[in-house]
Amino acid sequence: MDDSAYGVRNKRGHWRPKDPIQPAPLFLQPWNLVRIVKWLPRYFVPWNVLLFLAATAFWFLLTPDIETMRTMEWGWMLYILVRNSVAVFLFYGALELRLYIRRSQGTLFKYNPKWPDDRRSEYFMFSSQSIDNMIRTFGTGVPIWTAYEILILWAYANGWGAWTTLADNPVWLILLGLLILVIHEFHFYTTHRMIHIPVLYKYVHSVHHKAVNPSPWSSLSMHPIEHLIYFSGSLIHLIVPSHPLIALYHLHVAGFGAVVGHVGFDKIVAGKESAMDTHSFAHYLHHKYFEVNYSDGLIPLDKLFGTWHDGTEKGDELMNARMKKRRHSATLED
Ligand SMILES: [Zn+2]
Ligand SMILES: [Zn+2]
C-alpha cells in the first residue's frame, strides 16, 4: 500500500491524511441521509463490533457467577484484575509488537516519523516512554478500571441499581448499547476539558501528555486521579436501566478502545491492499498541540466550542490564529 495516495508527508516527514477529519454526519446539520448511510458502517466496523464481541465473551465466559459476586471477596476480585491485565497485555502488546517493535509496516501511515523509544528521555521512568507508560497502565490504570467493574458487578449481583433484561426492555437496551460510544465521548470531552484547567493539568493531566508522540502503551498512561475520572463514565449503569453486559462493553470502550486513539498510525495495514482505519488523527493532534480536539471527533463538541482541528493546513492556520489571539489578550491582561 502507498500512503501518499491517502495523505501527504511534509519536509520533516510528518504524515497527515489528505481529507479533513469530519465529526459523525449524524451530528452535523443539515442532515444528509446519503452521508449518514455511508458513514454508519464506520461507526461499527471494526472497532465497535470487536469491543462488543469482547465484552460478550467476557460476560458469558470470563465473569464469575452471580452468587459468587454477591459478596466482596478477594478471590473473584483478584481474578477480574488478572483477567483484565492479561487481556490488556495481549491486546495493547499485540499492537505494540507489530507496529513498534517489529515495525512491520515501517512508517507507512505513521503520523510522526520518529519512534518514541529510539530516544531515551529522563522525562520518563527508566528513561523509556514504553516502560513508563506500561508501569502506569498496570500500576493504576487496569486496577482502577477493575475497581469500577467490580463495583458494578457487585451492585448487579445484589440487585442494586435499575438492572433490566433484553426480554423486558429490548428497545431501551439496544438503544443504550448503540449509544455507548456517544455517551463515552460526551463524558470524555467534559472531563477532559476539566482536567485542562491549569492547576489540574499541572498535577494530574500533564502525566498523560508526557507522550507527545503517543504509542499503544500511552493510552492508559495517566495519573491515578485521571484514571478515576476517566473510568467514572461507567457509573451511569448504576443510575439508568441497564444490563451488566452493556456496562462491561462501556468499560471496554474506555479501556481497550483507548488504544485506538493512541496507536500513532492512520491505518493498520492488514494485507497487500487492505488496511484498518484507526480514526486516531484527532487525538494524535491533541497530543501534538495540547489545546485542540478535547474530544475524539465523533460528536462536534470541539467545533461548537472553537477548539476543532480538522487535520488540514487550514486547521493549523485557525489554531495559530487562536493562539495568537490568546497570547494577545494575556499580554493585555498583564
Ligand atoms: Zn491521549
Ligand atoms: Zn489532554
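These numbers come from a predicted model, not from an experiment.

(A) Here's a closer look at the overall build of the protein chain. Per the secondary structure count, the protein chain includes 12 helices and four strands. Over its C-alpha trace the protein chain gives a radius of gyration of 20 Å, about what one expects of a compact globule, namely 20 Å for 334 residues. Here the protein chain, with 334 residues, has 36% of them falling under the buried criterion. A separation threshold of at least 6 residues defines the contact pool for the protein chain, and within that pool the share at least 24 residues apart is 66%.

(B) View of the nonpolar core. By size, the foremost hydrophobic cluster in this structure holds 52 residues, and its most contacted members are Phe231, Tyr249, Leu251 and Val259. Elements that contribute at least two residues to this core include exactly helix H2 (47–61), helix H3 (74–101), helix H4 (129–157), helix H5 (170–194), helix H7 (224–230), helix H8 (244–255), helix H9 (258–261) and helix H10 (281–289). Broken down by element, this core gets its largest block of residues, eight residues, from H4. Contacts of Tyr249, omitting those with residues within four sequence positions, involve Leu51, Phe52, Ala55, Gly177 and Ile180.

(C) Structural detail: the packing of H4 against H8. Contact geometry of H4 with H8 gives a least axis separation of 10 Å together with a crossing angle of 175 degrees. Accordingly, the angle class assigned to the pair H4 and H8 is roughly antiparallel. Contacts from Trp145, Tyr148, Glu149, Ile152, Leu153 and Tyr156 in H4 reach Pro244, Ala247, Leu251 and Gly255 in H8. For the contact of H4 with H8, the residue count by class is eight nonpolar, one polar and one charged.

(D) Looking closely at unusual backbone geometry. Geometrically, the link from Gln29 to Pro30 is a cis peptide bond, its omega value of -10 degrees lying close to zero. Cis geometry marks the peptide bond from Val45 to Pro46; its omega dihedral reads -5 degrees. Turning to its location among the elements, Pro46 is positioned in the loop between helix H1 (33–44) and H2. In the Ramachandran plot, Phe126 falls in the positive-phi region, its phi being about 55 degrees despite a non-glycine side chain. When you line up the elements, Phe126 lands in the loop between H3 and H4. Even without being glycine, His279 reaches a positive phi, approximately 55 degrees. The residue His279 is located in the loop between strand E4 (275–277) and H10 in this model.

Basis of the calculations
- Residues numbered from 1 in each chain as written.
- Chains lettered and ligands numbered in written order.
- Predicted model: local features only at pLDDT ≥ 70, side-chain atom pairs only at ≥ 80, totals over all residues.
- Helix = DSSP H or I, 4+ residues; strand = E, 2+ residues; numbered from the N terminus.
- Rg over C-alpha atoms; globule rule 2.2 N^0.38 Å.
- Buried ≥ 20, exposed ≤ 12 C-beta atoms within 10 Å, placed from the backbone.
- Contact = placed C-beta atoms within 7 Å.
- Core = buried A, V, L, I, M, F, W, Y, C linked by C-beta atoms within 7 Å.
- Axes fitted to C-alpha atoms, helices over the stretch in contact; angles between N-to-C directions.
- Parallel < 35°, antiparallel > 145°, perpendicular 65-115°, else oblique.
- Nonpolar A, V, L, I, M, F, W, Y, C, P; charged D, E, K, R; others polar.

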